[in-house]
Every structure is written in C-alpha cells, then in structure tokens.
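What the coordinates show
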Amino acid sequence: MNEIFFFVKKLTFKKVVNAISVYVSYFLSVLFKIPLRSGYPPGISTEPVAKCNLHCPECPAGTGKLNRYDGNIDFELFKKVIDEFAPYLTSLMLYFQGEPFLNKDIFRLTEYASLNKNIYTVCSTNGHFLSEEFAEKIILSGLDKIIISLDGTNQETYEKYRKGGSFDTVVKGIENLVKMRKKMKSERPFIVIQFLVFKFNEHEINAIKQLRKKSGADKLELKSAQIYDFKNREDLIPGIKKYARYKKNKSGDYEIKSKLKNRCKRLWETCVITNNGDVLPCCFDKNADYVFGNMRTVTFKEINNNEKSVSFRKKLLKNRSEIDICRNCTEGLKK
C-alpha cells in the first residue's frame, strides 16, 4: 500500500498546471521580490474544530491559550471553501488546532471533499476516538490518510506530553482501524503513527518502530517538536540533534538552528482556513493574528492577492525575522 498512489490518483491536469503556476510565482517572487501568488495554493488546511480533549503543554488549544472561536466549522462554510478550491486542490488537511473527531460532522466533511470533490484528504488526530464504529465511518468517508499521534511506548512516557491521554486507548484505536480496513477490504486510509521526539522519549525510538510493525500501521514518522519557550524548556529538547529544532549558542542558550532566510515556500503553496472562515498565512499562525480575509463574505480569489496578503509576503521577502510567527518555524531550517 502506497500513500503516493492515493495522492497521484486524484491529480488532474488542471491541478498540476495550477501547482506549477504557484511554484513559478514563488521562485519569481524570491528572485525579484514580487510578493504575488499566481493561482490557488495546492494544499490547504481547514479546521473542523479548535478544541481538544487533551492538555498538551505546547499546544494552544490544549492549554487554553487559543483566544478565538473554538467551535465546529459550519458545513455550508466548509462547502463554500471546498467548492472554490476543488478544481485546483491537490491535498486537504482536515486539521489545524484541536481534535478533529470532536466534531461529529467530520465524516460528512471528509466525504464531501474526498468522494464528492475528488480531493486527497488527510486528517491528524490524537487517536482517542477510533472506536470500531468511528473506524468504519472513517473508511466509508473516503479519508485517504490519517496521522495518529503516539509520543511514547507506555503510559508513563506517553502522558508526559499528552496530558489527560490514554496510551492503551490510542493503541487500541490504531488496531481498530487496521482491522476494520481489512474487514471492509479497503486500501484507505493510509495509517501513519506520528512520534514527536522529546528528551524524555528519545530512548524509545526503536521501541516505537517495533510498535508500529506490531500494530499494522503503514508508516512511522519521527518529528521534531515546536517548543514555544525553548530557552527555558531544556527538559523537552532532545539530545539527538536530528530531531531538535534548537541548538545551544556560545552563551549556552538555546536558539533556533539556522538563520531565517527571507523566503518561505509554505506561504505560497498552502494556507489555513479556520473554523470561522478566516484565511491565515500558514499553520504557525495558531491564534489567527494575521487574518487576510474571511471566506464567509468573500472568495479566496479576492483574498489571494489583496492588500493584507501582499503586505505580509512583502514583509517576509524583506525581513522574515521581523514576523513573530516565522521566528520559530521549521521552513528552511537545516537539521
């Protein structure tokens, strides 16, 4: 089973041409400092809901630091977004902040995008709602890929970050999904276990690889974690340099690994639409501090190169380090 196959299967000539147009406009923007984006971003994130059942210490939703609407996205708003983007969209992430499966309409959202509009759909979850019933609904909805967070190989390690979570519940949920997929003779969704590497769990990397094989999940992704107060959270930063976004400088303080170059491909190839319709530059704008417009009232075509969008890109191309959400971003960072 190959996730690339699912992705390519949903490509069209129009989607490919649009993506090429976007990347050409990006390279021209970097070269000539022209802050315009041609076409629609080929990949976007929509937000089913912005609340969560867990309390992860580096998550604004989990810590209650998300100062905006946290309820479910309205289906008609979601439909409006998807209808406009569908001809150009190569992938849709059904996640931004919060736990997507707290929105019981998630299956309807997925089905509309995946089955009705032929869009490659991805969902990221903490894995606490993968009952047999939900596993069946996930498969019937046509979800192409699911990312399940599991940052430990036992309850003691797991709950150090996933506060309020149950290791056994997540493992059982993965097994439910694998079994249901086999029972229904379905190739989808492609199942990924995501393991955020911290100092307290880096010794379990080999163990999580074995757990992935045993569970029947298709892939394991080892990822570095974004740490907001990284200067004072040495307890979270892993010793394995490959999985740390931060390094110690000559003064002994932690800093992000490399200088921020005045460019960001992410700002051209993607965007975020929140649960209330706000269009944001990228997934690092957790609290919607940089709203380019709202899709309840206008189209994305009107927002794409409006004054706010162009001004943000212009500032980034001039001095990216002046933008607060860019200073702790992985885009362009060396491992």
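Before any of the text, the structure's been laid out above.
One structure accompanies this document, and this report is about it. (Residues numbered from 1 in each chain as written. Predicted model: local features only at pLDDT ≥ 70, side-chain atom pairs only at ≥ 80, totals over all residues. Heavy atoms only, no water.)

1. Some thoughts on the overall build of the protein chain
For the protein chain, the count of helices and strands is 12 helices and 11 strands. Based on the C-alpha atoms only, the size of the protein chain along its principal axes is roughly 55 × 50 × 35 Å. Put simply, the protein chain has 335 residues, and 55% of those count as buried. A sequence separation of at least 24 residues applies to 70% of the contacts in the protein chain between residues at least 6 apart. Averaged over its 59 positive side-chain charges, the protein chain has a centre that lies 6 Å from the centre of its 39 negative ones. (Helix = DSSP H or I, 4+ residues; strand = E, 2+ residues; numbered from the N terminus. Buried < 20%, exposed > 50% of the residue type's maximum accessible area, 1.4 Å probe, protein only. Contact = heavy atoms within 4.5 Å. Lys, Arg positive; Asp, Glu negative; His and termini not counted. Charge placed at Lys NZ, Arg CZ, Asp CG, Glu CD.)

2. Structural notes on the sheet that holds strand β4 (residues 145–149)
The strand order across the open sheet built from nine strands is β6-β5-β4-β3-β2-β1-β9-β10-β11, with neighbouring strands paired in mixed fashion. On the outer flanks of this sheet lie β6 (219–224) and β11 (293–294), each paired with one strand and no other. Bridge count between strand β5 (residues 190–197) and β6: six bridges; the pairing is parallel. Within β6, the residue paired with Gln-194 across the bridge is Glu-221. Relative to strand β1 (residues 43–46), helix α4 (residues 75–85) is tilted by about 175°, and along the sheet it contacts β1, β2 (91–94) and β9 (270–273). Against the sheet, helix α5 (residues 106–116) touches β2 and β3 (121–125), its axis set at about 175° to β2. (Pairing = 2+ DSSP bridges. Axes fitted to C-alpha atoms, helices over the stretch in contact; angles between N-to-C directions.)

3. As for the pattern of salt bridges
Pairing between side chains becomes possible if they bear opposite charge and their charged atoms approach one another. Counting across every chain of the model gives 15 salt bridges. The partner of Glu-47 in a salt bridge is Arg-68, with the nearest N and O atoms 2.9 Å apart. Note that Glu-47 is positioned in the loop between β1 and α3 (60–63) and Arg-68 in the loop between α3 and α4, a separation of 21 residues in sequence. By sharing partners, the salt bridges in this structure join Glu-3, Lys-145, Lys-219 and Glu-221 into a single network. (Salt bridge = Lys/Arg side-chain N within 4 Å of Asp/Glu carboxyl O.)

4. Description of the state of the cysteines
With the rule as written, the count across this model stands at zero disulfides. Note on Cys-264: no disulfide assigned, nearest cysteine sulfur contributed by Cys-329 at a separation of 5.3 Å. Given the relative accessible area of 6%, Cys-264 is considered buried. Looking at Cys-329, the relative accessible area reads 4%, which means it is buried. (Disulfide = S-S within 2.5 Å.)

5. Brief notes about the environment of Cys-123
Note on placement: Cys-123 falls in strand β3. When its relative accessible area of 2% is taken as the criterion, Cys-123 is described as buried. For the pair formed by Cys-123 and Arg-68, sequence separation is 55 residues and the distance between their alpha carbons is 22 Å. Beyond its immediate stretch of four places on either side in the chain, Cys-123 contacts Met-93, Leu-94, Pro-100, Phe-101, Leu-143, Lys-145, Ile-146 and Ile-147.

6. A word on the pairing of β3
Among the five residues in β3, five count as buried, and that is most of the element. Of the two faces of β3, both are covered, the one formed by Thr-121, Cys-123 and Thr-125 as well as the one formed by Val-122 and Ser-124. At this point the chain moves from β2, through α5, to the parallel β3, and the crossover so formed is right-handed. Sheet topology note: the β3/β4 ladder contains four bridges and is parallel. Each residue of the ladder has a partner; that of Ser-124, found in β4, is Ile-147. In terms of handedness, the path from β3 via helix α6 (residues 132–141) over to β4 forms a crossover that is right-handed. (Right-handed = clockwise from strand over helix to strand, strands pointing away.)

7. Considerations on the packing of aromatic side chains
One pass over the structure, following the stated rule, counts 18 aromatic pairs. Measuring from ring centre to ring centre gives 5.1 Å for Phe-107 and Phe-134, while their planes differ by 90°; the resulting arrangement is edge-to-face. With Phe-107 in helix α5 and Phe-134 in helix α6, this residue pair connects regions lying 27 residues apart in the sequence. Chaining the aromatic ring pairs together yields one cluster made of Tyr-40, Phe-85, Tyr-88 and Phe-300. Over the ring of Phe-75 we find Arg-108; its NZ or CZ atom is 3.6 Å from the centre of that ring. We note Lys-286 situated over the ring of Phe-284; from NZ or CZ to the ring centre the distance is 5.5 Å. (Phe/Tyr/Trp six-rings, centres within 6.5 Å; stacked < 30°, edge-to-face > 60°. Lys NZ or Arg CZ within 6 Å of the ring centre and 35° of its normal.)

8. Focus on unusual backbone geometry
Negative phi values dominate among residues other than glycine, just as trans dominates among peptide bonds. Here Arg-188 and Pro-189 are connected by a cis peptide whose omega angle stands at 0°. Summarising the element assignment, Pro-189 is placed in the loop between α8 (167–183) and β5. One non-glycine residue, Ala-288, lies in positive phi territory at about 55°. Tracing the backbone through its elements, the reader meets Ala-288 in the loop between β10 (278–280) and β11.

9. Quick look at helix α9 (residues 205–215)
In an α-helix, one full turn covers 3.6 residues, which means residues spaced three or four apart are oriented alike. Among all positions of α9, only Ile-205, Ile-208, Leu-211 and Ser-215 are buried. Here the buried residues of α9 occupy an arc of 110° about the axis, which is enough to place them on one side. Structural note: α9 exposes Asn-206, Gln-210, Lys-213 and Lys-214 on the side pointing more than 90 degrees away from its buried face. Next to the buried residues of α9 lie α8, β5 and β6. (Arc of directions from axis to C-beta.)

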